[in-house]
Protein chains: 2
Amino acid sequence: MGSSSNGINGLTEQLPSPARAAVVDKGVDFANYFCTYAFLYHQKEMLSDRVRMDAYCMSIFKNKHHFKDKTVLDVGTGSGILAIWCAQAGARKVYAVEATKMSEHARQLVKANNLQGIVEVIEGSIEDITLPEKVDVIISEWMGYFLLRESMLDSVICARDRWLKPTGMMYPSHARMWIAPIRSGLGNQRKNDYESSMIEWDNFVDDTHHHYGVNMRVLTDSYRKENEKYYLQTSLWSNLEPDQVVGIPAIVMELDCLTATVDDIRSLNANFSTSISMESAIVAGFAGWFDVHFRGSQSNPAQHEIELSTAPSRNNPTHWGQQVFLSNPSFIVKGGDKITGSFSMTRSVENHRLLNVEFSYHLQKSSGQLLNSTTSRFYID
Amino acid sequence: MGSSSNGINGLTEQLPSPARAAVVDKGVDFANYFCTYAFLYHQKEMLSDRVRMDAYCMSIFKNKHHFKDKTVLDVGTGSGILAIWCAQAGARKVYAVEATKMSEHARQLVKANNLQGIVEVIEGSIEDITLPEKVDVIISEWMGYFLLRESMLDSVICARDRWLKPTGMMYPSHARMWIAPIRSGLGNQRKNDYESSMIEWDNFVDDTHHHYGVNMRVLTDSYRKENEKYYLQTSLWSNLEPDQVVGIPAIVMELDCLTATVDDIRSLNANFSTSISMESAIVAGFAGWFDVHFRGSQSNPAQHEIELSTAPSRNNPTHWGQQVFLSNPSFIVKGGDKITGSFSMTRSVENHRLLNVEFSYHLQKSSGQLLNSTTSRFYID
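Residues numbered from 1 in each chain as written. Chains lettered and ligands numbered in written order. Predicted model: local features only at pLDDT ≥ 70, side-chain atom pairs only at ≥ 80, totals over all residues. Heavy atoms only, no water.

### Digging into the relation of the copies chain B and chain A
Item 1. Rotating chain B by 180° and moving it 0.0 Å along the rotation axis overlays it on chain A with an RMSD of 0.0 Å. What the superposition gives is, in effect, a two-fold axis relating one chain to the other. No C-alpha of chain B approaches the rotation axis more nearly than that of Val28(B), which lies at 2.3 Å. (Least-squares fit on C-alpha atoms with pLDDT ≥ 70 in both.)

Spelled out as structure tokens, the structure:
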């Protein structure tokens, strides 16, 4: 939400000022983003994700020493599930903050589970609300597709800077973003859809000229760009199979949730190099995914470290899936080849919760030969 | 857009004032509504609707006397098609107003068709822009599903009150909303989807309690309401076959575009009575649709009156389809029966471009027997 931090422990005043980065219009943010979270149907989708639920549940209950008699802040509590678990694990007090009317359901759920003495549900933005005290643990399920879509980590960082004790810890404690080259039928499918759409446009232009006397051919370039963006440059959601990953996955970002700043995540840049792990394959593009870890803090580590991974998996898919960035054209690779390049990610100007991605890479054959560089831009919508 | 009128010919000052109905936040309105119209793909969908295109095209070219050497205002010009036709029909000057960046494409199209001397594309809201003169004709394709979804007529009325000469006319000139009882497989389909969803919820509640120790049963009522709203109370889009209409259609609203006010359309109430036109049928609910007419004005009528109808049609479906309001439960009717009741429509508080509908009716058997009244609320999302 564009919050800026005055340091981990200082209170951050949220005074709008023209000199600062534009504050996001709350009404627009609600229309674009928050509103979906007010639906129980959407909450249920997330609550039905076993991998997600197991990871958070185990991270709490296998590390009760982090919660017993402690104070907790749940950022974006939704239905209240994390807050409830923290209370059941022995927390003295849990502040469960939720920006939408889902907070009313969270309150119902807390009461139905007899935890109203411990869990206090607060409706409001974490940037605006006030707590009576700082907390030992901040817990949140803030991750969007490819980790950073939705930019909710900004709000968690704000919460941390405002409300976490110096001795406090974050749940999860760490996060990483991964990419890997993949094979996939999606590449050809999207290309075909794109080409069909351009043929259909051609026919439409002819018909409109013939039937209605208006020549729309001048719009063809713009229509093509719109189509390219939609069919070829917008990342896709998919739950990939592990054997679709054709190169060794590479980390493009790592962060420590205790120290990360919004500037760190506003704009990412990383070099990567991935060796092809199959004898031969046709690379359709790249997949991006993330994992998070629950390690506690250095001074007070977890007894049981838990990992929540959204890597391609046959048995443990998640609702996050992976984000797929299609290459145009696809290209052949062989065992021993390397794909080397750079990855960058920035926020969309129109909507800070959406992302722009750029892959720049070349193929290094096992012979040493370098094939042409490619730079491709993508949109995570 | 909540504009109020000081009379057909007076300029309306748009001064925000707390005493007046809340002015819609422009950023929110863009995020919720305008943004889709900035895509060529969406414009193409509408431009590919032959019934729509034929009606407007014919209304203009078969009534050139309304356009020859006249001034025209096209409200919400989109790609510019109506403005271009008016110019081709002989207009002296056409002001083509468009709120989104689609205006840039309209400008391209005007130039490519050599009409830049006549058509001036203006980017902006009709409520805000200024024209150098008043106009003879206001043309607009403002109709949403069931006529009033999107509430764009407000903007056309504002344009009329600000910019139409006392001798001017509206294209289209008249509009009507129709309803009729229908038979449809959609009724059972939605009911089944609803029931499956509640069974799935039941299982989810059991699983969550069993696996994760949190009892979510208290949310069942809220989940059911959300589900009912989604599956049973939200109107559906459909292109119905004429033989699905089982009763004589009834008009629930008629308006003269030259004299209608925003108050007239903000809240509708009408009684209706429809005789069953089949020997026997199962009524799944009601369909709603509209037609508009191009009649010119009383003092300067059309030479060829054109009608654009969105009634159920085998050969002439439109992209508007009809809106379907499902009865729960469905009920049997026989030839000679009547369905009598009232229809009302108001705007959603959360989003003035969406609508709330209420049907109150009873079945009057041909024997004279009256069967139980039903009152059902619906949402046009």
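Next, the rest of the story.
### Observations regarding the packing of aromatic side chains
Item 1. Applying the stated rule across the entire model yields 38 aromatic pairs over all chains.
Item 2. Taking 6.0 Å as the distance between ring centres and 80° as the angle between the ring planes, the aromatic pair formed by Phe359(A) and Phe378(A) counts as edge-to-face. With a gap of 19 residues between them, Phe359(A) in strand β14 (residues 355-364) and Phe378(A) in strand β15 (residues 370-380) connect regions that are remote in the sequence. The burial state of Phe359(A) is the same as that of Phe378(A); both residues are buried.
Item 3. Over the ring of Tyr230(A) we find Arg190(A), and its NZ or CZ is 5.4 Å from the ring centre.
Item 4. The cationic tip of Lys229(B) hangs over the ring face of Tyr379(B); the distance from NZ or CZ to the ring centre is 4.1 Å. (Phe/Tyr/Trp six-rings, centres within 6.5 Å; stacked < 30°, edge-to-face > 60°. Helix = DSSP H or I, 4+ residues; strand = E, 2+ residues; numbered from the N terminus. Buried < 20%, exposed > 50% of the residue type's maximum accessible area, 1.4 Å probe, protein only. Lys NZ or Arg CZ within 6 Å of the ring centre and 35° of its normal.)

### A few points about the sheet that holds strand β3 (residues 119-123) of chain B
Residue and element names in this part refer to chain B.
Item 1. The strand order across the open sheet built from 5 strands is β3-β2-β1-β4-β5, with neighbouring strands paired in parallel fashion. Single-partner strands in this sheet number two, and they are β3 and β5 (164-171). Between one strand axis and the next, the sheet turns by 20° as a mean value, whatever way the strands run.
Item 2. Contacts from helix α6 (residues 153-163) reach β1 (71-75), β4 (135-140) and β5, with the element oriented near 155° to β5. (Pairing = 2+ DSSP bridges. Axes fitted to C-alpha atoms, helices over the stretch in contact; angles between N-to-C directions. Contact = heavy atoms within 4.5 Å.)

### Things to note about the UniProt feature "domain: Protein arginine N-methyltransferase" (unreviewed entry) in chain A
Item 1. Mapped onto this numbering, the UniProt entry annotates "domain: Protein arginine N-methyltransferase" (unreviewed entry) at residues 191-364 of chain A.
Item 2. The straight-line gap between the two end C-alpha atoms of residues 191-364 of chain A is 25 Å; of that span, 24% is helix and 45% is strand. (UniProt positions renumbered as here; feature names shortened; annotations may be inferred.)

### Some points on the interface of chain B and chain A
Many authors give the size of an interface as the accessible area that is lost as the parts come together.
Item 1. Taken together, the contact between chain B and chain A spans 42 residues of the former and 42 residues of the latter.
Item 2. Taken together, the two surfaces of chain B and chain A that pack against each other cover about 3700 Å², and 64% of this comes from carbon and sulfur.
Item 3. Measuring nitrogen to oxygen at the nearest pair gives 2.7 Å for the salt bridge that ties Glu200(A) to Lys44(B).
Item 4. Counting across the interface, chain B meets chain A through 16 residue pairs in polar contact (both at pLDDT 80 or more).
Item 5. Sorting the residues of the side of chain B that touches chain A by element identifies α1 (26-32), α2 (40-47), α3 (50-61), α4 (81-88), α5 (102-112), α7 (186-212) and α8 (220-233) of chain B as the ones contributing at least two each. (Buried area = accessible area lost by both parts, 1.4 Å probe. Salt bridge = Lys/Arg side-chain N within 4 Å of Asp/Glu carboxyl O. Polar contact = N/O pair within 3.5 Å; in protein donor to acceptor, adjacent residues only side chain to side chain.)

### Some points on the UniProt feature "domain: Methyltransferase" (unreviewed entry) in chain A
Item 1. In the numbering used here, UniProt assigns the feature "domain: Methyltransferase" (unreviewed entry) to residues 72-168 of chain A.
Item 2. In the segment residues 72-168 of chain A, helix accounts for 31% and strand for 26%; the C-alpha atoms at its two ends are 10 Å apart.

### Concerning the pattern of salt bridges
Close approach of charged atoms allows side chains with opposite charge to pair.
Item 1. A complete count under the given rule lists 46 salt bridges over all chains for this structure.
Item 2. Salt-bridge contacts for Glu120(B) lead to Lys93(B); the nearest nitrogen and oxygen are separated by 3.3 Å. Linking Glu120(B) in strand β3 with Lys93(B) in strand β2 (residues 93-98), this pair joins segments that are 27 residues apart in sequence.
Item 3. Judged by relative accessible area, which is 34%, Glu120(B) ranks as partly exposed.
Item 4. Residue Lys93(B) is classed as buried on the basis of its relative accessible area of 18%.
Item 5. One connected set of salt bridges, linked through shared partners, spans Lys101(A), Glu104(A) and Glu123(A).

### Looking at the sheet that holds strand β2 (residues 93-98) of chain A
Residues and elements named next belong to chain A.
Item 1. One open sheet holds the 5 strands; their spatial order is β3-β2-β1-β4-β5, and the pairing between them is parallel. Looking at the sheet topology across the chains shown, the edges are occupied by β3 (119-123) and β5 (164-171). Shown here is a sheet whose adjacent strand axes are inclined to one another by a mean of 20°, direction ignored.
Item 2. Taken together, the 3 bridges between strand β1 (residues 71-75) and strand β4 (residues 135-139) define a ladder with parallel strand orientation. By the bridge assignment for β4, Asp-74 is matched with Ile-139.
Item 3. In this fold helix α5 (residues 102-112) packs onto β2 and β3, with an angle of close to 170° to the strand it touches most, β3.

### Some thoughts on the pairing of strand β9 (residues 267-275) of chain B
Residues and elements named next belong to chain B.
Item 1. Here β9 shows a buried face lined by Leu-268, Ala-270, Phe-272 and Thr-274 and an unburied face lined by Ser-267, Asn-269, Asn-271, Ser-273 and Ser-275.
Item 2. Both β9 and strand β13 (residues 338-347) contribute to a ladder of 9 bridges, which runs antiparallel. The residue of β13 that forms the bridge with Ser-267 is Thr-346.

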